[in-house]
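Spelled out from the first residue to the last, the chains are:
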Amino acid sequence: MLSGKTIVVGVSGSISAYKAADLTSRLVKLGCDVRVLMTDAAARFISDLTLEVLSRHHVVVGAATGRESVLDALACEADLMIVAPASANTVAHLAHAVDAGCVSYVASRMERARVLVAPAMNVHMYRNAATQANLDALASRGIVVIPPASGMLACGDEGEGKLPSVDELVDWAVRASVRVKDLAGMRIVVSAGPTREALDPVRFLTNRSTGRMGYAIARQAMLRGADVTLVSGPVDIPAPRFVEVVGVESAADMFEAVTSRASEADAVIMAAAVADYRPATRSASKIKKKDGDLSLPLERTQDILAWLGAHRTPGTRLCGFSMETDDVLENSRAKLVRKGVDMIAANSLRETGAGFGTPTNRLTLITAQREIDLPMLSKDEAAGRLLDELFSPELAATG
């Protein structure tokens, strides 16, 4: 996702400077060119040699004097700068454009890049009126201030001031680095995961969906600028950041959550594996084991995708999923027509790597005009291709 990007990591004097090593390593693994700048105070917490090895570049430490030409070139070519951790002292230098060292020097000269600042300091220092005024000044100039985490601090105090996890910092960096915001202003509802249909207080009927495909779609849409609501059944994967998540349990819950939001959405993408049937009755007490067989009467659940097709708001794009074991294309194209939607993403449960619980998928995107047979891709890549087609001008002309 960050291939070809240049990201500057600015490290200032904080006990959490050790996280810069993991942050640098993670960004490099995502394919970007990482350049590290350190204040003199940061070098007392973590070695510049460590960051040189991880970034594969020389690390500049301390003053900018005598290095202006190199730092000016870096400021021009960088796609993003993230200052993590940002001490109270460095925040003050950034707020007042003081060229106190290489970190503040480059940050003040960024032209086509955005700057992210992740404060990390003692809770009382963070709450201090001067620090808050400095952070407000940064935000007013378009610099993104990443909210600190709360918890037990290294000094023993408890409260705000912790540097967020490296996972969170990476998500902020990825979001800011994806410059193509072609879905900005779009409101997209995505459903994901399984539903659970209760039989009694102990048991329920469900399926093998893990939610990975729907979560990937939600994340990719968010990175491209969309305002995303993710309606999710019970899953064991972390929710993507910067996305509104609505947790549901049953097919009826999902029907209510999706249909109540559909009229305001520019697109609804039904990636969830919604139960087609539920127990006709739900026992208030645990059903006890008895001799002989047990029959479970089932009844149909409401078909969410068909309802959306029949009640669509003009201009809203609708996409459904079709996981089949036999006659994949025939069944999926029939579903496209029967449910009155713009696109069906079809895949086969029999194909290795394309079923539930895998990091990959192979989709065939079916519209009224064409079929696009995608190769086996990561679910993030497949999600991106799905969004490309759903929002293509060709589809919009007939949607």
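So, how was this worked out
- Residues numbered from 1 in each chain as written.
- Predicted model: local features only at pLDDT ≥ 70, side-chain atom pairs only at ≥ 80, totals over all residues.
- Heavy atoms only, no water.
- UniProt positions renumbered as here; feature names shortened; annotations may be inferred.
- Helix = DSSP H or I, 4+ residues; strand = E, 2+ residues; numbered from the N terminus.
- Buried < 20%, exposed > 50% of the residue type's maximum accessible area, 1.4 Å probe, protein only.
- Contact = heavy atoms within 4.5 Å.
- Domains from an automatic or database assignment.
- Buried area = accessible area lost by both parts, 1.4 Å probe.
- Salt bridge = Lys/Arg side-chain N within 4 Å of Asp/Glu carboxyl O.
- Polar contact = N/O pair within 3.5 Å; in protein donor to acceptor, adjacent residues only side chain to side chain.
- Nonpolar A, V, L, I, M, F, W, Y, C, P; charged D, E, K, R; others polar.

Chemist: Tell me what's going on with the UniProt feature "binding site: CTP" (unreviewed entry) in the protein, and back it up with residues and numbers.
Modeler: The UniProt entry lists Asp276, Lys286, Phe321, Lys335 and Lys339 under the feature "binding site: CTP" (unreviewed entry), expressed in the numbering used here. Taking the farthest pair of C-alpha atoms as the criterion, the annotated set spanning 64 residues is dispersed, since that pair is 37.6 Å apart. Within the element layout of this structure, Asp276 appears in the loop between strand S14 (267-270) and strand S15 (277-279). Residue class for Asp276 comes out partly exposed when judged on its relative accessible area of 48%. Here Lys339 is to be found in helix H12 (residues 328-339). Overall, Lys339 belongs to the buried group, its relative accessible area being 13%. Excluding anything up to four places from it in sequence, Lys339 contacts Asp303, Leu305, Ala306 and Gly309.

Chemist: Can you break down the domain arrangement of the protein residue by residue, with the values?
Modeler: When cut into domains, the protein gives domain 1 (6-177) and domain 2 (187-397). Domain 1 and domain 2 are separated by 40 Å when their C-alpha centres are compared. Listed by partner, the interface residues are seven residues for domain 1 and five residues for domain 2. A combined buried area of about 590 Å² lies between domain 1 and domain 2, and 58% of that area is made up of carbon and sulfur atoms. Looking only at domain 1, the three residues that lose the most surface to domain 2 are Asp171, Val174 and Arg175, adding up to 74% of its buried area. For the pair domain 1 and domain 2, the interface holds two salt bridges. Run the count over domain 1 and domain 2 and you get one residue pair in polar contact (both at pLDDT 80 or more). Here the side of domain 1 that touches domain 2 is built from residues that sort into two nonpolar, one polar and four charged.

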